[in-house]
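Read off the chains here:
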Amino acid sequence: MKIKEASFVGSFVKPEQFPDEMMPEIALAGRSNVGKSSLINTLLGRKKLAKTSGAPGKTRTINFYRINQNFFFVDLPGYGYAKVSKKERDSWGKMIENYLAKRETLREVVLLVDIRHDPSEDDRIMYEWIRHQGFGHLVVATKADKLSRSRQMQQMRRIKTKLAMPDSAVILPFSALKKTGTEEVWKLLETHLETSET
Ligand code: GTP
Ligand code: MG
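Every residue gets a number counted from 1 within its own chain, in the order that chain's sequence is written. Ligands are numbered from 1 and chains lettered from A, in the order in which they are written. Where totals are concerned, whole chains, interfaces and linings use all residues; where local detail is concerned, this predicted model gives features only for residues with pLDDT of at least 70, and gives and counts side-chain atom pairs only at 80 or more. Side-chain measures here rest on the full set of heavy atoms in the structure, leaving out hydrogens and waters.

> Lay out helix H3 (residues 121–132) in plain terms, naming residues and giving numbers.
Helix length check: H3, at 12 residues, gives a terminal C-alpha distance of 17 Å against a target of 16 Å (1.5 Å per residue), a fit within 8%. When H3 is considered as a whole, its buried residues turn out to be Asp123, Met126, Tyr127 and Ile130. An end-on view of H3 places all buried positions within 100° of arc, on one side of the element. Exposed side of H3, more than 90 degrees from the buried face: Glu128 and His132 are the residues found there. Two residues qualify as a contact provided that any one of their heavy atoms is within 4.5 Å of a heavy atom in the partner residue. Numbering of helices and strands runs from the N terminus, with a helix taken as a DSSP run of H or I at least four residues long and a strand as a DSSP run of E at least two residues long. Elements that come into contact with the buried residues of H3 comprise strand S2 (25–30), helix H2 (86–102), strand S5 (106–114) and strand S6 (138–142). Trailing H3 by a residue or two, Gly134 shows a phi angle of about 90°, which is positive. Each helix should span, by expectation, one fewer than its residue count multiplied by 1.5 Å. Each residue's exposure class comes from its accessible area (1.4 Å probe, protein chains only) as a fraction of the maximum for that residue type: buried when under 20%, exposed when over 50%, partly exposed otherwise. This arc is built from the directions going out from the helix axis to the C-beta atoms.

Written as structure tokens, this is what we have:
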């Protein structure tokens, strides 16, 4: 994918606020700190377009990025962040539900998981939900630079099993640090963007 233009559109919480251009959209989901914002920056070749942080829970809103005047990336707020109240967790759930269930232009939801760890209960619930909405063809295993190639392979098999991913779904290793996996991830995302052009 050649990135001619990438810009931050805004941070929103309610469907009324979401952009109303009818352009295909790809959303990124995953626990807090897994590397969603870093993935967006790496895919777009922009260092600081999406805010990243060592402090989990950085992204608390639904953030939209417009690429090539052609499609959107959506950075969903991360879950599993311990320091939030039940009230905040509930409003997070409603926000995501509103988004996932009602966004007609949504073409794919990619789940990100940390390659070093087995998926959490939240990851499993999230993936099931994503599948239920007809997405989840791609899972990205982040921070691949932290493991050797053979350990990466081992972990990806484990993650695929624990998430109960169907054979048709793909898990790819990715590193924002080393930029590995960038082309492979783009290749898959492009197939979802293409099929949207009716
Ligand atoms: P929230 O916004 O809190 O939901 O987090 P996020 O999923 O957007 O994570 P973010 O991209 O902010 O990354 C969290 C931390 O992990 C940052 O310190 C990143 O530098 C680091 N990180 C992200 N991707 C990688 C990677 O591929 N390799 C390594 N080594 N670190 C990474
Ligand atoms: Mg983030």
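> Pulling in residues and values, what's your account of the packing of aromatic side chains?
Any Phe, Tyr or Trp ring, taking Trp's six-membered ring, that has another such ring centre within 6.5 Å forms a pair; planes under 30 degrees apart are called stacked, those over 60 apart edge-to-face, and the others tilted. One pass over the full model with this rule turns up 10 aromatic pairs. Ring plane angle 45° and centroid distance 5.4 Å describe the contact between Phe8 and Tyr65, whose orientation is recorded as tilted. Remark: Tyr65 occurs in strand S3 (residues 62–67) and Phe8 occurs in strand S1 (residues 6–12); sequence separation between them is 57 residues. Relative to Trp186, the ring of Phe71 lies with its centre 6.2 Å away and its plane at 85°, an arrangement referred to as edge-to-face. Taken together, the residues Phe71 in strand S4 (residues 71–75) and Trp186 in helix H5 (residues 182–195) connect sequence positions 115 residues apart. Exposure remark for Phe71: the relative accessible area of 0% places this residue in the buried category.

> Give me the side chain of Glu25: which residues, what numbers.
Counting through the fold element by element, Glu25 comes out in strand S2. The buried category is assigned to Glu25, whose relative accessible area is 0%. Only 2.7 Å separates the side chain of Glu25 from the side chain of Tyr99, close enough to count as a polar contact. Think of a polar contact as two N or O atoms within 3.5 Å of one another; within protein, one of them needs to be a possible hydrogen donor and the other a possible acceptor, and neighboring residues in sequence only count if both atoms come from side chains.

> Lay out the environment of Met165 in plain terms, naming residues and giving numbers.
Relative to the assigned elements, Met165 resides in the loop between helix H4 (149–162) and strand S7 (170–173). Taking the C-alpha atoms as reference, Met165 lies 12 Å from Met126; in sequence the two are 39 residues apart. If sequence neighbours within four positions are ignored, Met165 has contacts with Tyr127, Val139, Lys160, Val170 and Ile171.

> So what's going on with the nonpolar core? Residues and values would help.
Core analysis: the biggest nonpolar cluster contains 35 residues, and Tyr99, Leu111 and Met126 have the highest contact counts within it. No other element matches H2, which puts five residues into this core. In this view, Met126 contacts Ala29, Tyr79, Trp92, Ile96, Leu100 and Leu111; residues no more than four positions away in its chain are not counted. Take the buried Ala, Val, Leu, Ile, Met, Phe, Trp, Tyr and Cys residues and link them wherever side-chain atoms come within 4.5 Å; each set so joined is a nonpolar core.

> Describe the side chain of Asp114, with residues and values.
Relative to the elements of secondary structure, Asp114 occurs in strand S5. Judged by relative accessible area, Asp114 falls into the buried class, the value being 11%. Within the structure, Asp114 has its side chain in polar contact with the side chain of Arg116 (distance 2.7 Å). If near-sequence neighbours (up to four positions away) are discounted, Asp114 is found in contact with Val34, Thr142, Lys143 and Ile159.

> Hey, could you go over the pattern of salt bridges for me, with residue numbers and the actual values?
The working definition used for a salt bridge is a side-chain nitrogen of Lys or Arg within 4 Å of a carboxyl oxygen of Asp or Glu. Counted under the stated rule, the structure contains seven salt bridges. Of the charged contacts, one joins Lys86 and Asp90 as a salt bridge, the two residues approaching to 2.8 Å between their closest N and O atoms. Of this pair, Lys86 and Asp90 both sit in helix H2, four residues apart, which is roughly one turn of the helix. Between Arg158 and Asp118 there is a salt bridge whose closest N-O contact spans 2.6 Å. Of this pair, Arg158 sits in helix H4 while Asp118 sits in the loop between S5 and H3, and the two are 40 residues apart along the sequence. Here the salt bridges do not stand alone but share partners, grouping Asp118, Arg158 and Lys162 into one network.

> Would you mind going over the environment of His132 in detail, with residue names and values included?
As for its placement among the helices and strands, His132 is situated in helix H3. C-alpha of His132 to C-alpha of Arg103: the two residues are 29 residues apart in sequence and 14 Å apart in space.

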